[in-house]
Structure formats: C-alpha cells, structure tokens
Amino acid sequence: MENVGVMMTTPMSAYLEQQLQQRFTLFKLWESSHSLADSVKAVVGDTKIGADSKLIDSLPRLEIVSTYSVGVDKIDLEKCRDRGIRVTNTPDVLTEDVSDLAIGLALATLRKICACHAFLTTGSWKNGDFQLTTKFSGKSIGILGLGRIGSAIAKRAEAFGCTISYHSRTKRQTTNYRYYSNAVDLAANCQILFVACSLTNETRHIVNREVISALGPQGVLVNIGRGALVDEHELVSALCEGRLGGAGLDVFENEPHVPEPLLELENVVLLPHVGTDTVETSMTMADLVVANLECHFLRKPLLTPVI
Amino acid sequence: MGSGDEQLPEIVVLGPPVVFALYDQQFSSRFRFLRPWESEEPLPQFLASRARSTQAAICSGDFSLSAAVLANLPSLRLVVTSSAGLNHIDLTECRRRGIAVAYAGNFFSPDVADLAVGLLIDVLRKVSAGNRFVKNGLWPNKPDFPLGFKLGGKRVGIVGLGSIGFEVAKRLKAFGCGISYYSRKKKPFVSYTSYSTIHELASNCNVLVLCCSLTEQTHHLVNREVMLALGKDGVIVNIARGAVIDEKELVACLLRGEIAGAGLDVFEHEPRPSPELYQLNNVVLSPHNAVLTEESMEGLYQLICGNLDAFFTGKPLLSQIPDE
C-alpha cells in the first residue's frame, strides 16, 4: 500500500501523520501542489477542513474519505454518494471524552470554577469571599440529540441526581427519559440544555432566539456539538443582556474566532474545541482512521462506514 | 424590633458564618442574636458580660470553639455549627458539659462532591486553562492547545468513604472510573475495594480524592511518600481540609513533576494558599467554597432554624452529630 496516495487536509495529529506516512504515500494539502491530485485515492479530513465539493472534484481518483472526527458536516456526503466514494468516521471511541467534557463544562459554568481560580490567583480571597454559585446536582437536564454522546451525558448526569429530558429526531422507545417533540418545549422545561446532535441542514441554528428565551435567565446552555447548531449572534446578545444565565461552549460558528463580547463574561466558559483532545483518545481515533483505510485498500469491510 | 422581641429566644453568633450574613434579616425575624463582632469589647469580655444566660450558639466552621470560649458560656446547652466539619469544636468539652451539637450533616455532600468532580475534570481536561487560552485571545494565533487526559478508566482512590466520599464515588463510577478507598472503618455493604493504608491506596490509584475529616490521625496524612506512591501521572483533589495534605511537600512534588496535577478547595493557611500554586497550569484552585451555593445556603438557613426551633420547643434536634 506504500504507493497509495493519501492526502491529509490540515495538521491534526502528529501521531496520525506518522502512522499514515509509514503505510502510504502521504500528501499534505497545506503543503502539496495541485499536480499531485491524480495520485490521491484517500482524503483524511477533520472538523476544520473536511472534503467539500471543490476538493472532491479536484481529486479524480478519490475512493475514500476517512475523517478524524465523528461529525461529517464538513464532508459533501451527497457528492460522495454520487461518485461512489466511501466515507468513514470515528464514532464510539470519543463518546466518553466528549460527554465527560460536557459535564465538566456544566460544572465549570454553574460553580464558576474558572472564575474562582482567577479569584485566588489574583489575591482577591484575602479581601473577602467569592459570590455564591449555583448547585448542579438535582437540576433538570435537557439533551438535544439523544445519540451516543447525548446518552452518555444523560448517564453521567443521572449520577448527580439530575432529571433527564430530551428532544431527538425520533422518540426512543428504550428510555424512560421524558421526550419533547421540539427544542423550545425542551428548553422551557429544563435548566441546563446540552446540545449534542449532529449538524445537518435541518439542525442548523436549532438553538435559536426562541429556544434561548425559553431556557431563560436561570438557564445554562452547554454546546459540545457544532457551533452552527446555535444562532451565535442571538446567544451573544442573550448572554450580554442577561436573558440567558450562562453558557459552556466548546464549539463556535467560525472557529477559531470567538465573538469578542463572550471573552469578557464570567458566566461563560470557553474552550478551543477540545472535546476529544486527550492523549488517549486522539491516538485511538488516529488508529481507527488508519484501520479503516487499510481495510478499504485490502478490500475488507470498513470498520466504521458512514457511506 | 417590636416589644415582642424580648420573647424571642436569645442566641450568640460566633464567626459569623456566611449563612448568617446572607440571611440576617430572616434569622432576626425569628430569634434574637448577640453579635460579638459589632462590639468593641474583645470576645471573652463580651461573652462574660452579655452571654451569661445564653443557652444556644451558632458558630461558623472556622471559628475555634475551644474550652476557653465555652468557659465564658456557662448556660450553653446547644451549639449549631454551619459546617459539616467538626474539627473546630472541642467536642470532648461539649460532651463533658452536656452541650448538644448540631451540624450540617449530609446536607452539603452533593455540592461538595460536585466540586470534587468539577475540579478533577478541570485538571485532567484543562478546562480553566483552556478558558484562559480562549479569553486571552490566543486561539487564532496559536491553534495548538495541549492535550488533556481521559477521565474514564482512571483508578480513583477515595480517602474517607463517609457521606461526601460516597457521593464522589457514585458520580465518578458513572464516568467509567474504578473506585477504591481507604477509610477508618471498612464499609461492609460497599462493593468498592478497600485498602488498609493510604500508602497502599495511593500505590494502586492514579487519582486521590480527599474526603475525610481532619483529626490528629489525618493531619498531613498525604505526605511526600504518599504522593510519590501515587506517581507522576497522579492527580490529587482535596475538598476536605487543607491540613490533610502537607502543603509544602505538595508544592514541591508539583514543581518537580512528581505528581501530574491538583484540584484544591482547601489549604493549610486560608485565605493564603502557597503562592507557588498560582503559577502552575496543572492546578485548579477554589476559595474553600464547596458548600457556598445558593441552594445550600437556603437549605442551611432552614436547617439551622429547624434545629433552633426544635431545641427551644424541647423536640429532638434535626441534625445532631453522631455519637463517636
């Protein structure tokens, strides 16, 4: 397989680069010139740069897109289907890390953990106590999207005595969690709303002004899905005007750019899209990408196909 | 207050506890209080002159209720502390004098356990560090933020499997952690592995969560030896009392990379933690406020009033401390 051309779209993992280099002829989109396009049979993309229509059109011998992510919103799936290009992603191996971080963001936001740390390191503690924070245990949790990650968030939140409700494309028959048929009703009936659904044409801006208002001044939004699931402009104004109580965000509409007003808010916790960024999981994800590619070129069944 | 004020039971407030300052008005509509901090007299004189017949006291968790203070309260029959911890009260003297003690019991345990989990996730996944990175505007120019560490699969050792330790264990189990513990008494109905020394616990874990009370036996329980046994991938979370850890050694171990990180709500000399801790990116600090949520303060106000009402009407206390 050393002669098989594989193109990485952007630097995403030194370990993955090394593994691909050992097995294939590796091209780097951020370094390669267009003339190598005929050699490329596989694309490895991520959440920053996937495989859009333009890229796919420029690679006439492309057979497979293997994304270093579970989300496939940066891949032109329709085009892939039309051209018979296979697509794989990295589900399951990152579910725990993302759901752990979702709860971590909720705790950090309600208990103001980041602000407390700054309170100490700036020497403010000797002048008096920090303000009261908000309890997490026992609160009502709403989950948008009860897939693998949403379910894992629910399981963790239950250990804190939280009540769980959700909205999903379809009602799940195998769960006792309360189902709401739309996002507004879900938001109106929970205090902490976790956004855990995949980004599609239907779910873009699913968290809109109405949903944010329903969540309200005591409500907290946690987004570990995709930035575009939330109307960021509405979110920012709701937070600045106190119409939403707080937010914990790992994803944004235009990464790595974060709306400036959010940078000043103490009731908001911001992370640079690190939901899967642990030493352990980044390696497991990379191994899965490589394994899928090997399966494809050895004509074995793909491990985690999307198409 | 109106002329009916003299009928209200009189209580001396020592501290004062945070909950008293927050709910002063509400408390004052139900009871009459002696507020030593409002007087210019030093406390012993104030008590000797004003509190001779006072039967009840409210005290904060950081007020040293020593035999000397108790000597100036000859009519005292009840102490209600706003804390779950009891290390600040001379319990032997209270027993000798027949003074009943009520405390916060298990009421705070969920909030304290929540903070323990929040601190642990923050240390492993660099939440506070990541938040600083983004808010300082570094993300666009410096796209690589260091990787964190997975929580699932960590071997967590709980030191002190009381109410708080139990709540911490329950939560971390849901994240896929392995749980073991070291406690004064082995808990027979618990399926977690118990170790008979803290050294053994630390040798078999990569996370230690300290949930024990502070006693002579637990003072500096976590010393250099224990930290080396925990190892360079080890993380310590302390939501118990600062003095359970040898703080100087903790700082040294962190600076030398002999442990991986720490989440600390308590310190040996509050409100002045070792300043070396402030520079470290693998440390998350909070100002001893694990119980300071709006919900807990509201509940604590109700609990304190409930205990005082019970006492003054001859009914059993709501949250008397257990006999040891």
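The present account deals with the structure reproduced in this document. (Residues numbered from 1 in each chain as written. Chains lettered and ligands numbered in written order. Predicted model: local features only at pLDDT ≥ 70, side-chain atom pairs only at ≥ 80, totals over all residues. Heavy atoms only, no water.)

### Structural notes on the overall build of chain B
For clarity, the threshold we go by: Think of it this way: any DSSP run of H or I at least four residues long counts as a helix, any run of E at least two long counts as a strand, and we number them from the N terminus. Between the two quantities, the radius of gyration covers C-alpha atoms and the globule rule is 2.2 Å times the number of residues to the power 0.38. Throughout, exposure labels follow a simple rule: accessible area from a 1.4 Å probe, protein chains only, divided by the maximum for the residue type, with under 20% read as buried, over 50% as exposed, and the rest as partly exposed. The contact criterion used throughout is that any non-hydrogen atoms of two residues lie within 4.5 Å. Every accessible area reported is derived by Shrake-Rupley at a probe size of 1.4 Å, with residue values counting cover from the shown protein chains alone.
Secondary structure summary: chain B contains twelve helices and twelve strands in total. The C-alpha atoms of chain B give 22 Å as radius of gyration, which agrees with the globular expectation for 324 residues (20 Å, within 12%). Overall size of chain B, expressed as C-alpha extent along the three principal axes, is 70 × 50 × 35 Å. In chain B, buried positions account for 56% of the 324 residues. Considering only residue pairs separated by 6 or more positions, chain B has 59% of its internal contacts joining residues 24 or more positions apart. About 14,000 Å² of surface is accessible on chain B, with carbon and sulfur atoms providing 50% of the total.

### Some details on the overall build of chain A
So the rule is basically this: In this charge count, Lys and Arg are treated as positive and Asp and Glu as negative; neither His nor the chain ends contribute. All charge positions are set by atom: Lys at NZ, Arg at CZ, Asp at CG, Glu at CD.
For chain A, the count of helices and strands is eleven helices and twelve strands. Since a compact globule built from 307 residues should have a radius of gyration of about 19 Å, the 21 Å found for chain A is in line with a globular shape. The principal-axis extent of the C-alpha atoms belonging to chain A is close to 65 × 50 × 35 Å. Per-residue burial for chain A yields a buried fraction of 58% across its 307 residues. Taking the contacts inside chain A whose residues are at least 6 apart along the sequence as the reference set, 58% of them involve residues at least 24 apart. Total accessible area on chain A is roughly 12,700 Å²; 47% of this is exposed by carbon and sulfur atoms. A gap of 5 Å separates the mean positions of the 29 positive and 35 negative side-chain charges of chain A.

### Looking at the packing of helix α4 (residues 95-110) of chain A against helix α6 (residues 148-158) of chain A
All names here are of chain A. As a reminder of what qualifies: Only the stretch in contact is used when a helix axis is fitted, and all axes are lines through C-alpha atoms; the angle between N-to-C directions ranges over 0 to 180 degrees. Any angle that falls under 35 degrees is termed roughly parallel, while one over 145 is termed roughly antiparallel, one within 65 to 115 roughly perpendicular, and all others oblique. In this scheme the crossing of two helices becomes right-handed for a clockwise turn of the near helix relative to the far one and left-handed for an anticlockwise turn of less than a right angle. Three residue categories are used. Nonpolar comprises Ala, Val, Leu, Ile, Met, Phe, Trp, Tyr, Cys and Pro, charged comprises Asp, Glu, Lys and Arg, and polar comprises the others, including Gly.
As a packed pair, α4 and α6 sit with axes 9 Å apart at the nearest point and diverge in direction by 50 degrees. Relative to α6, α4 is oriented oblique. Like other packed secondary-structure pairs, α4 and α6 cross with a definite hand, here right-handed. On the side of α4, the interface is formed by T95, E96, V98, S99, D100, A102 and I103, while α6 contributes R148, I149, A152, I153, R156 and A157. When the residues that make up the contact of α4 with α6 are grouped by side-chain class, the tally is seven nonpolar, two polar and four charged.

### Examining the sheet that holds strand β9 (residues 207-210) of chain B
Residue and element names in this part refer to chain B. Our working rule: Here a strand pair is declared whenever DSSP counts at least two bridges between the two strands.
On the basis of which strands lie adjacent, the open sheet formed by seven strands has the order β8-β7-β6-β9-β10-β11-β12 and parallel pairing. Looking along the sheet, the strands with just one partner apiece sit at the ends: β8 (193-194) and β12 (283-285). Here strand β7 (residues 178-182) pairs with β8 via two bridges, running parallel. From the neighbouring strand, Y181 faces β8, where its bridge partner is S194.

### What to know about the sheet that holds strand β2 (residues 32-34) of chain B
Residues and elements named next belong to chain B. The parallel open sheet is built from five strands, whose spatial order is β2-β1-β3-β4-β5. The outermost strands of the open sheet, each flanked by one partner alone, are β2 and β5 (100-102). Put simply, the sheet's adjacent strands are angled 25 degrees from each other on average, direction ignored. For strand β1 (residues 10-14) and strand β3 (residues 56-59), the ladder comprises four bridges, and the chain directions are parallel. Its bridge partner being in β3, V13 is matched across the sheet by I58.

### Let's talk about the interface of chain A and chain B
Accessible area lost when the parts come together is the quantity often used to give the size of an interface. What counts, and what does not: Here the quantity called buried area is the total loss of accessible area, with a 1.4 Å probe, experienced by two parts when brought into contact, counted for both. A pairing counts as a salt bridge when a side-chain nitrogen of Lys or Arg comes within 4 Å of a carboxyl oxygen of Asp or Glu.
Listed per partner, the contact involves 54 residues of chain A and 53 residues of chain B. Carbon and sulfur atoms make up 65% of the area that chain A and chain B hide from each other, which totals about 4,800 Å². Of all residues in chain A, A:H117, A:W125 and A:L132 bury the most surface against chain B, accounting for 15% of the area lost on that side. Our enumeration of links across chain A and chain B arrives at four salt bridges. Here B:D111 and A:R111 are joined by a salt bridge, their closest N and O atoms 3.6 Å apart. Within the residue set of the side of chain A that touches chain B, elements represented by two or more residues are α4, α5 (113-121), α6, α10 (260-263), β12 (268-270) and α11 (279-297) of chain A. Per element, the largest residue contribution to the side of chain A that touches chain B is eight residues, and it comes from α4(A). Taken together, the residues of the side of chain A that touches chain B break down into 28 nonpolar, 13 polar and 13 charged.

### So, the nonpolar core
Soluble globular proteins tend to pack their nonpolar side chains together in the buried interior. The condition that has to hold: Grouping buried Ala, Val, Leu, Ile, Met, Phe, Trp, Tyr and Cys residues that are joined through side-chain atoms within 4.5 Å yields what is termed a nonpolar core.
Counting residues in hydrophobic clusters, the biggest one holds 147 residues, and the most contacted among them are A:L16, A:L20, A:L293 and B:L172. For this core, the element with the highest residue contribution is helix α6 (residues 109-125) of chain B, accounting for ten residues. Discounting residues that sit within four places of it in the chain, B:L172 has contacts with B:V117, B:L120, B:V156, B:C177, B:I179 and B:V209. Of all hydrophobic cores here, the second largest spans 37 residues; its members include B:L208, B:L230, B:A240 and B:L280.

### Observations concerning the packing of aromatic side chains
Residues and elements named next belong to chain B. We count it as follows: Each aromatic pair joins two rings of Phe, Tyr and Trp (for Trp, the six-membered one) with centres within 6.5 Å, and gets the label stacked for planes under 30 degrees apart, edge-to-face for over 60, and tilted for any other angle.
Applying the stated criterion to the full structure yields 18 aromatic pairs over all chains. Measuring from ring centre to ring centre gives 5.9 Å for F27 and F33, while their planes differ by 85 degrees; the resulting arrangement is edge-to-face. On the accessibility criterion, F27 (0% relative accessible area) is buried.

### Section: α11(A)
Since the α-helix packs 3.6 residues into each turn, any two residues three or four apart lie on the same face. Residues and elements named next belong to chain A. Note the threshold: Expected span of a helix: the number of residues minus one, times 1.5 Å.
Along its 19 residues, α11 runs 28 Å from first to last C-alpha, staying within 8% of the 27 Å computed at 1.5 Å per residue. Restricting attention to buried positions, one finds in α11 the residues T281, S282, M285, A286, L288, V289, V290, N292, L293, C295, H296 and F297. In this fold, the buried residues of α11 make contact with β1 (5-8), α1 (14-23), β3 (40-45), β4 (64-67), β5 (86-88) and α4. One or two steps after α11, the chain reaches R299, where phi turns positive at roughly 60 degrees.

### Looking at the pairing of β7(B)
The side chains of a regular strand alternate, residue by residue, between the two faces of the sheet. Residue and element names in this part refer to chain B. As a reminder of what qualifies: With the strands pointing away from the viewer, any crossover whose connection runs clockwise from the first strand over the helix to the second is right-handed.
Bridge count for strand β6 (residues 155-159) against β7 is five bridges, and the pairing is parallel. Within β7, the position partnered with R155 by the bridge is G178. Handedness of the crossover joining β6 and β7 through helix α8 (residues 163-174) is recorded here as right-handed.

### A look at the pattern of salt bridges
Residues and elements named next belong to chain A. Enumeration according to the criterion identifies 24 salt bridges over all chains in this entry. A salt bridge links R23 to E294; the nearest nitrogen and oxygen atoms lie 2.9 Å apart. Residue R23 is located in helix α1, and its partner E294 is located in helix α11; the two are separated by 271 residues in the primary sequence. Residue R23 is classed as partly exposed on the basis of its relative accessible area of 24%.

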